[in-house]
Amino acid sequence: MAGIPSQKYREEVGAFIILRDGADIQESDVRDFCKDKISRYKIPKYVFFIDEFPMTGSGKIQKFKLKDLGVKLCAEQGIEII
């Protein structure tokens, strides 16, 4: 999870998921799964399926790069950030 910039709320939740081989899942499946398990404002507005996470040399996920990747993927997919 990483914050995707938003004009209205400052940041929106973005989920970055690496799929296993042969897995078939849609963005709506992720949101439906979260629906009754977490608060409404924590449900990801943006769901991205990626091949790998950007990592540091010590093996930690670089969230600032996920944020940049989310903005880039939104632009590529024609998703307007509100």
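Everything that follows concerns the structure shown earlier in this document.
*Asks:* Give a description of unusual backbone geometry that names residues and reports values.
*Replies:* Even without being glycine, arginine 10 reaches a positive phi, approximately 80°. Along the chain, arginine 10 turns up in strand E2 (residues 10–17).

*Asks:* Tell me what's going on with the packing of aromatic side chains, and back it up with residues and numbers.
*Replies:* Aromatic ring pairs: the centre-centre distance and the angle between the two ring planes describe each pair. Under the criterion given, the structure shown has two aromatic pairs. A ring pair is formed by tyrosine 46 and phenylalanine 48, whose centres lie 6.3 Å apart and whose planes are at 5°; its orientation type is stacked. A residue is classified by how much of its surface remains accessible, and tyrosine 46, at 4% relative accessible area, is buried. Exposure remark for phenylalanine 48: the relative accessible area of 2% places this residue in the buried category. Taken together, the ring pairs connect Phe16, Tyr46 and Phe48 into an aromatic cluster.

*Asks:* How would you summarise helix H2 (residues 63–77) if you had to cite specific residues and measurements?
*Replies:* Over its 15 residues, H2 extends 21 Å from the first C-alpha to the last, a length consistent with the 21 Å expected when each residue adds 1.5 Å. For H2, every residue scored as buried is listed here: Leu66, Gly70, Leu73 and Cys74. The buried residues of H2 occupy an angular sector of 100° when the element is viewed end-on, so they sit on one face. Of the residues in H2, the exposed ones pointing more than 90 degrees away from the buried face are Phe64, Ala75 and Glu76. Contact partners of the buried residues in H2: strand E1 (2–6), E2 and strand E3 (46–49). Glycine 78 sits one or two positions beyond H2 and adopts a positive phi of about 75°.

*Asks:* Describe the sheet that holds E3, naming the residues involved and giving the relevant values.
*Replies:* Reading across the sheet, the three strands line up as E1-E2-E3 and stay open at both edges, with mixed pairing between neighbours. Looking at which strands have only one partner, the edges of the open sheet turn out to be E1 and E3. Mean inter-strand twist for the sheet, computed between neighbouring axes without regard to direction, equals 35°. Taken together, the five bridges between E1 and E2 define a ladder with antiparallel strand orientation. Of the residues in E2, the one forming a bridge with proline 5 is glutamate 11. Helix H1 (residues 27–35) rests against E2 and E3 of the sheet, and its axis sits at about 125° to E3. Sheet contacts for H2: E1, E2 and E3; angle to E1, the most-contacted strand, approximately 50°.

What counts as what
Residues numbered from 1 in each chain as written. Predicted model: local features only at pLDDT ≥ 70, side-chain atom pairs only at ≥ 80, totals over all residues. Heavy atoms only, no water. Helix = DSSP H or I, 4+ residues; strand = E, 2+ residues; numbered from the N terminus. Phe/Tyr/Trp six-rings, centres within 6.5 Å; stacked < 30°, edge-to-face > 60°. Buried < 20%, exposed > 50% of the residue type's maximum accessible area, 1.4 Å probe, protein only. Expected span 1.5 Å × (residues − 1). Arc of directions from axis to C-beta. Contact = heavy atoms within 4.5 Å. Pairing = 2+ DSSP bridges. Axes fitted to C-alpha atoms, helices over the stretch in contact; angles between N-to-C directions.

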